[in-house]
Amino acid sequence: MATSISAEETYYLRIANLLLKVAPTAVRVKFDKEFCPSGLHTVLNQNKAKIQGLKQKRILNQKQWNLLFPSSVSTDTSEGAALSRIKYYRNEIAHNDGGTLTEQQFHQLWEEVSQAITLLGGQNFTQLCADLKVCYLDGHDKEVLIELRNIRSETIPKGAIVYVDITSEKYALSWKERSLIAEVYLSTNDVNVLKRSKIVMKYDFFPLLCQLYSSKGNSDVETYFTDPIEAINVELEFLMNETDQTTFATLFLFVIYNNCIDENIFNRSAEIRNILLNLSDHFEISSVLSTHVVKLELNKLINSFVKKCENSYSLVHDKIFDILVLFCGNKYFDLCLAVAHTDIIRDRFQFLSLNAEESEGMITVAADKENAYFDRILNDIRGGHIENVFTNIQITFMSYQENLLEHLKNNKDLLNIVLSLSEKESSPLITVVNQGLIYLVHSLIDLGFNVNVRNELGRSPLFIAAGSGYTEIVKLLLNKTANPDICDHKKYPHFTWHVCVTTLKL
């Protein structure tokens, strides 16, 4: 039989339930909307004067107005402040050793937290908070205290890095959460169409699609959500085919700056001027493509393709960036190869001649374009991006390794640039040993690389190969006079090295 609990414990449990059971969903809705920051609240505020006219004409009543523009007693009603309040009070509850609250504390905390939840999650959470405030609690609800204790015991140490796959079954958006997000952006009719069609769960970037579709509003919702990538490509095609391609040229800048355009670049006049002149040669621009014009275009694109965070612009979602890079690579291959960010050259191009399994979003390189690609790789060496050259996504293929070495050997100046790192922590020999690329390890040693070079941790190629279990590379390095007695900065050789020596009977 459930035991009764005191009023003070009840107050504590209600706040704990509010913070642990309702607030996380509200916060999640907020973060989902951050994929498309131009949420409904922002759009409404931008059009408040027009909506005020509807109220004056009695098209909207006061109740409807309050739903659109809810009032708040808090002195700071920003979403950032709401997140801070939930985090603060969640910590307070989790570390309340007594497990009780006074009635005064309860009402004060409830008002603060429930307002923050509603601000983040929307009006749908108002009733959830109200129901939880008066629902019956008994001893069974004390299990929430166990959850609180788990929070304390599972605290992640400061500085630790935690990787969470938000597309996994455990963390992915539920059907209900997606429905709540859809209701923020879409009409009731459109939401019902999506629910009936069962495509609500199809894409992990569903919140973004809701935002993008809401900004269009003139297409069939089921068609759009069935193939949204095609819809975005159609829009890019439209911008590309406009008589004045200023907007498309501005979007191309995100390919050059790897989806992060810092406002400070507009102050580096020589650098940005050359880039804009280059783009002007490839696109039809009605006026001079100046920094002033670009900034105007970027600000016009906010709420559709672009978001701004502090002093930098980026596309509203990584998926949109993926689509843009592939679109530009297919439509403007030569330009993209010439000016795209070095990370894009490293990660997003794939030779057809490798006969590799086709990966989504990769720009394919035909056989007659491979030399042009290696010319760009050599330019990246000149630009100091040598690590990118030796961590290229295609470098695991033997034919690619052979081609890279041939181009280096045919250009003595660039080979000398690479060899200049032979004694440094950033030595390409360390980079290829880390990847287990025995052909490149052998080739770089033959070119003159120091086999006993050490990385920033003091670890030699032999140390790294032994620790990674690369037995054949260990054999090769020892045959090439690698010193087995070199210790790292902690003053000991790797234990795995001793295992390798025993196994190989050296």
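Residues numbered from 1 in each chain as written. Predicted model: local features only at pLDDT ≥ 70, side-chain atom pairs only at ≥ 80, totals over all residues. Heavy atoms only, no water.

Going by an unreviewed UniProt entry, the protein chain carries the name DZIP3-like HEPN domain-containing protein and comes from Mytilus edulis.

Q: What is the right way to look at the pairing of strand β2 (residues 306–309) in this model?
A: Bridge analysis of β2 against strand β3 (residues 312–315) gives four bridges, and the strand direction is antiparallel. Bridging from a neighbouring strand, K308 pairs with Y313 of β3. (Pairing = 2+ DSSP bridges. Helix = DSSP H or I, 4+ residues; strand = E, 2+ residues; numbered from the N terminus.)

Q: Where do I start with the state of the cysteines in this structure?
A: The term disulfide refers to a covalent linkage connecting the sulfur atoms of a pair of cysteines. The final tally for this structure, using the stated rule, is zero disulfides. C309 carries a free sulfur, and the closest cysteine sulfur to it, the one in C260, is 9.3 Å from it. Sulfur of C336: no disulfide; nearest cysteine sulfur belongs to C328 and is 6.3 Å away. When its relative accessible area of 0% is taken as the criterion, C336 is described as buried. (Disulfide = S-S within 2.5 Å. Buried < 20%, exposed > 50% of the residue type's maximum accessible area, 1.4 Å probe, protein only.)

Q: Any chance you could explain the side chain of T431 here in plain terms?
A: One can find T431 in helix α24 (residues 428–434). Look at T431 and you get buried, because its relative accessible area is 14%. When neighbours within four sequence positions are excluded, T431 is seen to be in contact with F390 and T391. (Contact = heavy atoms within 4.5 Å.)

Q: Sorry if this is basic, but what is going on with a nonpolar patch on the surface here?
A: The grouping of M398, I438 and Y439 at the surface amounts to a nonpolar patch, some 240 Å² of accessible area in total. Along the chain, M398 turns up in helix α22 (residues 398–409). (Patch = residues over 30% accessible without salt bridge, like charges linked within 9 Å, V, L, I, M, F, W, Y side chains within 5 Å. Areas by Shrake-Rupley, 256 points an atom, 1.4 Å probe, with all protein chains shown as cover. Salt bridge = Lys/Arg side-chain N within 4 Å of Asp/Glu carboxyl O.)

Q: Looking at this model, I keep getting lost on helix α14 (residues 246–256). Mind explaining?
A: Residues that lie three or four places apart on an α-helix share one face, since the helix turns once every 3.6 residues. Most of α14 sits inside the fold, with eleven of its eleven residues counted as buried. Directly beyond the C-terminal end of α14, a positive phi value near 55° is found at N258.

Q: What should I look at first to understand the pattern of salt bridges in this one?
A: Oppositely charged side chains can form a pair if their charged atoms are brought close together. Evaluated as defined, the whole model comprises 13 salt bridges. Residues K195 and E183 are paired through a salt bridge, measuring 3.9 Å at the closest nitrogen-oxygen approach. With K195 in helix α10 (residues 188–197) and E183 in helix α9 (residues 175–185), the pair connects residues that are twelve residues apart, well separated along the chain. Assessed through its relative accessible area of 28%, K195 is described here as partly exposed. With its nearest N and O atoms 3.5 Å apart, the salt bridge here joins E237 to K331. Taken as a pair, E237 in helix α13 (residues 228–240) and K331 in helix α17 (residues 318–331) lie far apart in primary sequence, 94 residues in all.

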